[in-house]
Each structure stands twice: as C-alpha cells, then as structure tokens.
Amino acid sequence: MLKDIVEVQALDGYRLKLRFEDGAEGVVDVAQLVPLTGVFAALRDRKEFVAVRVNPELGTIGWPAGADLDPDVLYALVTGMALPSYEAPVESE
C-alpha cells in the first residue's frame, strides 16, 4: 500500500497537513498518534515541530532530531483505509 508523502505543512498544535503521491491529502494530529516522549520528545519544541520535512528517499516525513513516522499509518489515517497486515498467514493442520 505504500504511498509516498510528497508534501507536508505544519499547522497549529501538533497537526500536519499531508499530501501523498496519489493526491490523497488530509490532516493528522501527531500528539494523538504518538506520545511526545523518547525520540518524539523534541517535537514539544515548536521550532523542532515545524522543521518537519519530506524525506523523498523513504517516502515519509521526518524531523532533524531523527524522529519519523510510518507512511502506511499516515496514509491509513488520512484516507480511512485499513492498515495492511504484515503477519504471516497461519497454516491450518
């Protein structure tokens, strides 16, 4: 399902407006998605949060301090589509 993020814009609070390569776009609230602790603690600083950039090599977004987010999760949130299952199928006997 991987759709690359091609544009990001920081909004008020911890919200980001995202646009994907297929034209899907929407807003996600990072504070509702991940706890702002650990690698994400730096995002509490507004200057760090608004420094978000698209990483074209990975097709996702990231911050200078090293935090990034899974583009599949972001795409699912924006479009309402279910996340793909990466679990191996269980074989029945």
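My aim in this report is to walk through the structure given alongside it, one point at a time. (Residues numbered from 1 in each chain as written. Predicted model: local features only at pLDDT ≥ 70, side-chain atom pairs only at ≥ 80, totals over all residues. Heavy atoms only, no water.)

1. Remarks on the sheet that holds strand β2 (residues 15–20)
Across the sheet, 3 strands lie side by side as β1-β2-β3; this open sheet has antiparallel pairing. Only two strands of the sheet have a single partner each, and these edge strands are β1 (5–10) and β3 (25–29). Ignoring which end each strand starts from, the neighbouring axes of this sheet average 25 degrees apart. Note: β2 against β3, 5 bridges, orientation antiparallel. Within β3, the residue paired with R15 across the bridge is D29. Against the sheet, helix α3 (residues 71–79) engages β1, β2 and β3, with an angle of about 95 degrees to β2. (Pairing = 2+ DSSP bridges. Helix = DSSP H or I, 4+ residues; strand = E, 2+ residues; numbered from the N terminus. Axes fitted to C-alpha atoms, helices over the stretch in contact; angles between N-to-C directions. Contact = heavy atoms within 4.5 Å.)

2. Some points on the pattern of salt bridges
Throughout the structure, instances matching the rule amount to 3 salt bridges. A salt bridge links R15 to D12; its shortest N-O distance comes to 2.7 Å. With relative accessibility at 32%, the residue R15 sits in the partly exposed group. A salt bridge links K17 to E25, with the shortest nitrogen-to-oxygen separation between them at 3.9 Å. (Salt bridge = Lys/Arg side-chain N within 4 Å of Asp/Glu carboxyl O. Buried < 20%, exposed > 50% of the residue type's maximum accessible area, 1.4 Å probe, protein only.)

3. Concerning the environment of F40
Relative to the helices and strands, F40 is located in the loop between α1 (30–33) and α2 (46–49). A residue is classified by how much of its surface remains accessible, and F40, at 13% relative accessible area, is buried. Excluding residues within four positions of it along the chain, F40 makes contact with V34, P35, A67, D68 and L69.

4. Details of the pairing of β2
Of the two faces of β2, only the one carrying L16, L18 and F20 is buried; R15, K17 and R19 on the other face are not. Examined bridge by bridge, β1 and β2 share 5 bridges and lie antiparallel to one another. Looking at β2, one finds that I5 is bridged to F20. In this antiparallel pair of consecutive strands, β1 and β2, the connection spans 4 residues, and G13 shows a positive phi of 60 degrees. As consecutive antiparallel partners, β2 and β3 are separated by 4 residues, and within that stretch G23 has a phi angle of approximately 95 degrees, a positive value.

5. A few points about α3
Residues P71, D72, L74, Y75, A76 and V78 constitute the buried set of α3. For α3, the elements touching its buried residues are β1, β2, β3, α1 and β5 (60–62). Measuring from the backbone nitrogen of D72 back to the side-chain oxygen at the start of α3 gives 2.7 Å, which picks out D70 as the cap. At the exit of α3 stands G80, carrying a positive phi of roughly 80 degrees. (Polar contact = N/O pair within 3.5 Å; in protein donor to acceptor, adjacent residues only side chain to side chain.)

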